[in-house]
Amino acid sequence: MNAAFARCLWIARLTFLEAIRQRFFAFLFLLGAVLVLSSGAVRAFDFGHSELKFIADFGFGGLFLFGSILGVVMTAQLFFAEIDNRTALTLLAKPLGRGEFLVGKFLGTWAVLGVFVAVLAALLAVMMGARAAELAELAVERRLPPPECDLLGLAVAALLQWLRLGVVVALVLTVAAAARTFLFAVVVGALAVLAGQLQWLSQELLLKPAEAGLGRAVLWVLTHLLPNLQQFNLGDVLVLAPTQVPAGTLPWVFASGLAYIAAFLACAAFLFRRREI
Amino acid sequence: MTAGPAISVRNLTKDFRIGLKGLKLRAVDDLTLAVPRGQVFGLLGPNGCGKSTTLKIVLGLVTPTSGEISILGLPSATSAARARTGFLPEAPYFHKFLSGRELVRYCAHLSGVPSGKVEAAVAEALELAGMTEAAGRLVGTYSKGMLQRIGLAQAIVHDPELVILDEPTAGVDPVGAAAIGRIIESMRARGKTVVLCSHLLGQVEQVCDRVAIMDKGRLVLEGAVADVLERRDRHTVTIEALTPAALAAAETALAAHGARLGAVTHPRRSLEELFRELVTGSRDA
């Protein structure tokens, strides 16, 4: 294995171990699980279709909300813990590049969010699968088509959420690499995530088809500096109507997410390069 | 091939910008220094004199305003230079949820020790630092002295040629400080170069071959310990069974040769020597 990548993995491992010991992580993890499990208590009376959509929206909403909070706060916290506690002093005095340190922090934090997404998605799958089976029986009795519930689609949707959280982590790391305080990193990171969530609005409003030339190019760059985080929210379509996902959407969303992660990490490494420890 | 100095610092200056107006604070001022290989080098000075900043610049943790620094002939602040260097920071803080052995193993991996040799390197470093017995305990349960010693173990686990120790005895009792002194001496015996920053001047005098003294960011003295401490215009003669008559006769004889008896005192041992003599078993392990 490449030595630099091996060092990144060691940093990631330590970051993961540190993160899963945090009470904040446990608290949001439990809160998310409770939210997903409580979605089963919801009842609608249209033989399944809307009810399953509600459960999916509820579950993915929990993943989105608590995952975002975790992504922002935990990333900033794990970064500043190393700086403020001066453990970074010991680590960066070793033959460890600053970029490697950041990539390690990213991988460790992303791995923790992977556990978060996997567990909540598994709970959601159990809830939806059980309810879909009940509703299918009711539909047969009423001679209606059974509701669609694609658990493979749910797995893909969970993967997309994980990718979205990866973008959030990389974005917050970029902010943290330049920030002087934990609070600043959390506030600016949260605002950046919020802006990313509303990015589709700016893209649709600013980039009117009639505009062309330099103005359009500048607007295009400005509206793509932050990722459109809404593009990852394909959960209910992937689970309840997988055939309606336009061709090419998934590869584009995956490629875009990975590109934003790479770009933000490169930016973070540049900002962190000359930071005094 | 002639080996150059372990550390070469030329015309190093570091300014920090402070406050909103960006006022300039000069932490290191035109410092030129060479640390010879295979010696224990003491870097001394009062708090805020620029010692730690200098060490951080040497390790690439802080960017200099101007100047050139090299470690073992390699440009400072490169991974290749740091791979041959071990560092114990002042008041070290490590991840509390790791055991001592896990911490040192982790540092061995980060320092590039080949996987097949990690366990042997960890065992050797723990042994040298006197931490083998406590290696299974969590770092969070360690005393200050043990933290310093596990810090030493993580600094030397990859068998570096150069070891930089920033206040390794801060907060450590005299017995622990003496143990750290012995570790430093054993590193010198193995041909390592050690840079030691410490306020324990007695220990620095004992273990260092050379010292440099900094004040207000500038180098005020540098040289071999024996040379800088020796007062060549004075002499010490230790006399046993001295009587008043013998003393008077000696004064007369000295005066006949143009010399003068400056002072007659009893030799003293240091408080540290007395303490170590009396307290022998209280190791903090």
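The structure contained in this document is the topic of the report that follows. (Residues numbered from 1 in each chain as written. Chains lettered and ligands numbered in written order. Predicted model: local features only at pLDDT ≥ 70, side-chain atom pairs only at ≥ 80, totals over all residues.)

### A word on the overall build of chain B
Argument step 1. Helix and strand counts for chain B stand at 10 helices and 10 strands.
Argument step 2. Taking the principal axes of the C-alpha coordinates as reference, chain B spans close to 75 × 50 × 50 Å.
Argument step 3. By the burial criterion, 41% of the 285 residues in chain B qualify as buried.
Argument step 4. A sequence separation of at least 24 residues applies to 68% of the contacts in chain B between residues at least 6 apart. (Helix = DSSP H or I, 4+ residues; strand = E, 2+ residues; numbered from the N terminus. Buried ≥ 20, exposed ≤ 12 C-beta atoms within 10 Å, placed from the backbone. Contact = placed C-beta atoms within 7 Å.)

### Thoughts on the overall build of chain A
Argument step 1. In terms of regular secondary structure, chain A is built from 11 helices and 0 strands.
Argument step 2. For chain A, the N- to C-terminal ordering of α and β elements is α-α-α-α-α-α-α-α-α-α-α.
Argument step 3. Taken against the 2.2 N^0.38 rule, which gives 19 Å for 277 residues, the C-alpha radius of gyration of chain A at 21 Å falls within 12% of a compact globule.
Argument step 4. For chain A, the spread of C-alpha atoms along the principal axes amounts to about 70 × 50 × 35 Å. (Rg over C-alpha atoms; globule rule 2.2 N^0.38 Å.)

### So, helix α5 (residues 98–141) of chain A
Argument step 1. Over its 44 residues, α5(A) runs 63 Å from end to end, which matches the ideal 64 Å to within 8%, given 1.5 Å per residue.
Argument step 2. Of the residues flanking the end of α5(A), it is A:Arg143, one or two places downstream, whose phi is positive at about 55°. (Expected span 1.5 Å × (residues − 1).)

### Considerations on the nonpolar core
Argument step 1. A:Leu173 and B:Leu196 are the most contacted members of the largest nonpolar core, which totals 158 residues.
Argument step 2. Ranked by the residues each element gives to this core, the list is headed by α5(A), at 18 residues.
Argument step 3. Setting aside chain neighbours within four positions, we find B:Leu196 in contact with B:Val40, B:Phe41, B:Gly42, B:Leu43, B:Leu165, B:Ile184, B:Val204 and B:Cys208. (Core = buried A, V, L, I, M, F, W, Y, C linked by C-beta atoms within 7 Å.)

### Focus on the interface of chain A and chain B
Argument step 1. Facing the 22 residues of chain A at the interface are 21 residues of chain B.
Argument step 2. Of all the secondary structure elements, the ones that give two or more residues to the side of chain A that touches chain B are α1 (3–19) and α4 (87–92) of chain A.
Argument step 3. Looking at which element gives the most residues to the side of chain A that touches chain B, the answer is α1(A), with 6 residues.
Argument step 4. Broken down by class, the residue content of the side of chain A that touches chain B amounts to 11 nonpolar, 4 polar and 7 charged. (Nonpolar A, V, L, I, M, F, W, Y, C, P; charged D, E, K, R; others polar.)

### Let's talk about helix α11 (residues 249–272) of chain A
An α-helix turns once per 3.6 residues; consequently, residues spaced three or four apart project the same way.
Argument step 1. Between its terminal C-alpha atoms α11(A) stretches 34 Å, which fits the 34 Å expected from 24 residues at 1.5 Å a residue.
Argument step 2. Considered for burial, the residues of α11(A) that qualify are A:Gly257, A:Tyr260, A:Ile261, A:Phe264, A:Leu265, A:Ala268 and A:Phe272.

### Some remarks on the sheet that holds strand β5 (residues 74–75) of chain B
All names here are of chain B.
Argument step 1. Strands sit in the order β2-β1-β4-β5 across an open sheet of 4 strands; the sheet is antiparallel. Strand pairing shows two members of the sheet lacking a second neighbour, β2 (23–35) and β5, which therefore form its edges.
Argument step 2. Each of β1 (7–18), β2 and β4 (66–71) touches helix α1 (residues 51–58); the most contacted strand, β1, lies at about 115° to it. (Pairing = 2+ DSSP bridges. Axes fitted to C-alpha atoms, helices over the stretch in contact; angles between N-to-C directions.)

### Some thoughts on the packing of helix α3 (residues 100–110) of chain B against helix α5 (residues 144–156) of chain B
All names here are of chain B.
Argument step 1. Running from N to C, α3 and α5 point in directions that differ by 25°, and their axes come no closer than 8 Å. Comparing their axes, α5 and α3 come out roughly parallel. The chirality of how α3 crosses α5 is right-handed. Between α3, through Gly100, Leu103, Val104 and Cys107, and α5, the contact on the second element is made entirely by Ile150, Ala153 and Gln154.
Argument step 2. Class assignment of the residues belonging to the contact of α3 with α5 gives a composition of 5 nonpolar, 2 polar and no charged. (Parallel < 35°, antiparallel > 145°, perpendicular 65-115°, else oblique. Left-handed = near helix turned anticlockwise from the far one by under 90°.)

### Brief notes about the packing of α3(B) against helix α4 (residues 118–128) of chain B
All names here are of chain B.
Argument step 1. For the pair α3 and α4, the least separation of the axes is 9 Å and the interaxial angle reads 125°. Taken as axis vectors, α3 and α4 run oblique relative to one another. In this structure, α3 crosses over α4, and the sense of that crossing is right-handed. On α4, the residues touching Arg101, Val104, Arg105, Ala108 and His109 of α3 are Val118, Ala121, Val122, Ala125 and Leu126.

### A word on the environment of B:Pro89
Residues and elements named next belong to chain B.
Argument step 1. Residue position: proline 89 is located in the loop between β6 (85–88) and α3.
Argument step 2. Proline 89 gets classed as buried once you count the C-beta atoms within 10 Å, which come to 24.
Argument step 3. For the pair proline 89 and methionine 131, spaced 42 residues apart in the sequence, the C-alpha separation amounts to 18 Å.

### Section: unusual backbone geometry
Residues and elements named next belong to chain B.
Argument step 1. Of note in this structure, asparagine 11 is not a glycine but carries a positive phi near 50°.
Argument step 2. On the secondary structure map, asparagine 11 appears in strand β1.
Argument step 3. Classification of asparagine 11 as partly exposed rests on a count of 13 C-beta atoms within 10 Å.

### Considerations on the pairing of strand β7 (residues 162–166) of chain B
All names here are of chain B.
Argument step 1. With 5 of 5 residues buried, β7 lies mostly within the body of the structure.
Argument step 2. Because side chains alternate across β7, one face comprises the buried residues Leu162, Ile164 and Asp166, and the other comprises Val163 and Leu165, equally buried.
Argument step 3. One ladder, built from 4 bridges, connects β6 with β7; its direction is parallel. Within β7, the residue paired with leucine 88 across the bridge is leucine 165.
Argument step 4. By the bridge criterion, 5 bridges tie β7 to strand β8 (residues 193–197) in an arrangement that is parallel. Bridged to valine 163 within β8 is valine 194.

### Overview of the pairing of β8(B)
All names here are of chain B.
Argument step 1. Buried residues dominate β8, accounting for 5 of its 5 residues.
Argument step 2. Along β8, one buried face is formed by Thr193, Val195 and Cys197 and the opposite face, lined by Val194 and Leu196, is buried too.
Argument step 3. By the bridge criterion, 4 bridges tie strand β3 (residues 40–44) to β8 in an arrangement that is parallel. Among the inter-strand pairings, glycine 42 is bridged to a residue of β8, identified as leucine 196.
Argument step 4. For the segment spanning β7, helix α6 (residues 174–189) and β8, crossover handedness is right-handed. (Right-handed = clockwise from strand over helix to strand, strands pointing away.)

### Section: the environment of A:Val34
All names here are of chain A.
Argument step 1. Relative to the helices and strands, valine 34 resides in helix α2 (residues 23–38).
Argument step 2. Valine 34 gets classed as exposed once you count the C-beta atoms within 10 Å, which come to 11.
Argument step 3. Along the primary structure valine 34 and leucine 63 are separated by 29 residues, whereas in three dimensions their C-alpha atoms are 11 Å apart.

### Some details on the sheet that holds strand β9 (residues 210–215) of chain B
Strand pairing in a sheet relies on backbone hydrogen bonds. The paired strands run either parallel or antiparallel.
All names here are of chain B.
Argument step 1. Reading across from one edge, β6-β7-β8-β3-β9-β10 is the order of the 6 strands in this open sheet, with mixed pairing throughout. Each edge of the open sheet is held by one strand with a lone partner, namely β6 and β10 (218–224). Direction aside, the axes of adjacent strands within the sheet are offset by 15° on average.
Argument step 2. The strands that α5 touches are β6 and β7; relative to β6, the one it contacts most, it runs at about 165°.

None of the figures reported here should be taken as evidence of function without further support.
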